Amino acid sequence: MKLPVLSLNQIALGSLGVSLVVLSVKYVAFLLTGSIALYSDALESIINVATATAAIVAIRIAALPPDEEHPYGHHKAEYLSAVAVGVLIILAALAIMREAYAGFLAPRAIEAPGAGLAVSMGATLLNGLWSRFLVLQGRAHRSAALKADGKHLLADVVTSLGVLVGVTLVVVTGIEWLDPAIAGLVALHVLWSGGGVVKDNVSALMDEAAPADELSRIREIIAGSGAGSIEAHALRTRHAGKATFIDFHLVVSSAMTVGAAHDICDRIEDALKAELPGALVNIHVEPESKAKHEGIVMP
């Protein structure tokens, strides 16, 4: 079954709606049971609402056209949003640890566990399905904000599963301190997830090069479309949201006219944009005397 590709605004608004529903359901589970673990799970879900809101703002900013102050566009707004998401995940983990510590100091029995677990499981299932949908849509749109939101929700699913296991063990064994213990362990996983999101997107803000497979494809396209030139070298790439910036030097015969060299550049640029929608290509033409014979040699 082919996944429908929705607009970024539709997806972001859907995330906000799902997050509000999940938060409400998880809080009901806490009210039914009084479980510190289920309360921590609901507390983490508050961050989902904040991150969904951040994604909506980032997507709208990133879609703005270039202007005088931002001639290269606003693509990096998504990475800034994703970093903010990672920080919020870390804060959620610390908040859960705080609640777990309070639970160790004052453990208490769990009430109405059956109803509470059923309600929490429903919220977890909804979160799991939506997190998978967000990651797939983020890849389709090449959206860092959507992928970060999807990974965050996946961490929330793991949190919820751990909490469900913890609450079940407390009910079965009667050992009340297991409730905050499981919450504390899951908080460590959430902390690790948040750190990963921050690391990945800070790297992108530092103008990280295109992935190795994409870079290899770019080289193939340049070589296959550069007939009439001699070689290409000094290839550089970087990502910014859906945009891939590509620049390199193209060596041509010293006797070639400007018009002929321009035609080759247009052919290469069109081929790159056909393969990589949103690519922004800058080609510097050099005469044959500047050939280095260490780059992409044309057939």
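Everything numeric here is computed off the predicted structure, so don't read it as measured data.

Draft legend 1. Representation of the overall build of the chain. On a plain count of helices and strands, the chain comes out with 8 helices and 4 strands. Counting from the amino terminus, helix and strand elements in the chain follow one another as α-α-α-α-α-α-α-β-β-α-β-β. The C-alpha atoms of the chain give a radius of gyration of 25 Å, which is well past the 19 Å a tight globule of 299 residues would have. In terms of overall dimensions, the chain has C-alpha extents of about 85 × 40 × 35 Å along its principal axes.

Draft legend 2. Structural context of the pairing of strand E2 (residues 243–252). Burial of E2 is extensive: 8 of the 10 residues sit out of reach of the surface. Taken together, the 8 bridges between strand E1 (residues 231–240) and E2 define a ladder with antiparallel strand orientation. Among the inter-strand pairings, Arg236 is bridged to a residue of E2, identified as Asp247. Where E2 lies against strand E3 (residues 279–287), 9 bridges are found, and the strand directions are parallel. Within E3, the residue paired with Phe245 across the bridge is Leu280. Each parallel crossover has a hand, and for E2 linked through helix H8 (residues 258–275) to E3 it is right-handed.

Draft legend 3. Just the packing of aromatic side chains, in detail. Under the counting rule described, the total for this entry stands at 3 aromatic pairs. With centroids separated by 4.8 Å and ring planes inclined at 50 degrees, the aromatic side chains of Phe30 and Tyr39 adopt a geometry described as tilted. A relative accessible area of 26% places Tyr39 in the partly exposed class. Ring-pair connections join several aromatic residues into one group, and the members of that group are Tyr27, Phe30 and Tyr39. Taking NZ or CZ as reference, Arg238 lies 3.9 Å from the ring centre of Phe245, over its face.

Draft legend 4. Region of the structure containing the environment of Val285. In this fold, Val285 is placed in strand E3. Judged by its relative accessible area of 35%, Val285 falls in the partly exposed class. Separated by 118 residues in sequence, Val285 and Val167 place their C-alpha atoms 67 Å apart. The residues touching Val285, leaving out its near neighbours within four places in the chain, are Leu250, Val252, Ala261 and Cys265.

Draft legend 5. Highlighting the confidence of the model for the chain. Looking at the chain, pLDDT values average 82 and 94% of them are 70 or higher. When pLDDT is averaged over each helix and strand of the chain, the minimum, 68, is found for strand E4 (residues 296–297) and the maximum, 94, for H8.

Draft legend 6. Focus on the nonpolar core. With 20 residues, the main nonpolar core has Ile222, Ile246, Phe248, Leu250, Ile268 and Leu272 as its most contacted residues. Among the secondary structure elements, those contributing two or more residues to this core are helix H7 (212–225), E1, E2, H8 and E3. For this core, the element with the most residues is H8, which contributes 5 residues. By size, the runner-up hydrophobic cluster in this structure holds 15 residues, among which are Ala37, Leu117, Leu164 and Val167.

Draft legend 7. Examining the packing of helix H2 (residues 36–62) against helix H6 (residues 178–205) more closely. One can describe the packing of H2 onto H6 by two numbers: an axis separation of 8 Å at closest approach and a directional angle of 25 degrees. Our classification of the angle between H2 and H6 gives roughly parallel. In contact with Ile36, Ala37, Ser40 and Glu44 of H2, H6 contributes Asp179, Pro180, Ala183 and Val190. For the contact of H2 with H6, the residue count by class is 5 nonpolar, 1 polar and 2 charged.

Draft legend 8. The pattern of salt bridges, seen in detail. Summed over the entire model, instances satisfying the criterion amount to 6 salt bridges. Note that Lys26 is salt-bridged to Asp41, the shortest N-O span being 3.2 Å. Here Lys26, found in helix H1 (residues 8–33), pairs with Asp41, found in helix H2; they are 15 residues apart in sequence, far enough to count as distant. Comparing Lys26 with Asp41 shows no difference in burial state: the two are buried. Residue Arg98 pairs with Glu99 through a salt bridge whose shortest N-O separation is 3.1 Å. A cluster of three or more residues bridged by salt bridges with shared partners is formed by Arg217, Glu220 and Glu275.

Draft legend 9. Structural context of the environment of Tyr39. Residue position: Tyr39 is located in helix H2. A C-alpha to C-alpha distance of 8.2 Å links Tyr39 and Ala29, two positions 10 residues apart in sequence. Once you skip the residues sitting within four places of it in the chain, Tyr39 turns out to touch Phe30 and Glu99.

Draft legend 10. Region of interest: the side chain of His233. Within the element layout of this structure, His233 appears in strand E1. A distance of 3.3 Å separates the side chain of His233 from the side chain of Glu286, its partner in a polar contact.

What counts and how
- Residues numbered from 1 in each chain as written.
- Predicted model: local features only at pLDDT ≥ 70, side-chain atom pairs only at ≥ 80, totals over all residues.
- Heavy atoms only, no water.
- Helix = DSSP H or I, 4+ residues; strand = E, 2+ residues; numbered from the N terminus.
- Rg over C-alpha atoms; globule rule 2.2 N^0.38 Å.
- Buried < 20%, exposed > 50% of the residue type's maximum accessible area, 1.4 Å probe, protein only.
- Pairing = 2+ DSSP bridges.
- Right-handed = clockwise from strand over helix to strand, strands pointing away.
- Phe/Tyr/Trp six-rings, centres within 6.5 Å; stacked < 30°, edge-to-face > 60°.
- Lys NZ or Arg CZ within 6 Å of the ring centre and 35° of its normal.
- Contact = heavy atoms within 4.5 Å.
- pLDDT = per-residue confidence, 0-100.
- Core = buried A, V, L, I, M, F, W, Y, C linked by side-chain atoms within 4.5 Å.
- Axes fitted to C-alpha atoms, helices over the stretch in contact; angles between N-to-C directions.
- Parallel < 35°, antiparallel > 145°, perpendicular 65-115°, else oblique.
- Nonpolar A, V, L, I, M, F, W, Y, C, P; charged D, E, K, R; others polar.
- Salt bridge = Lys/Arg side-chain N within 4 Å of Asp/Glu carboxyl O.
- Polar contact = N/O pair within 3.5 Å; in protein donor to acceptor, adjacent residues only side chain to side chain.

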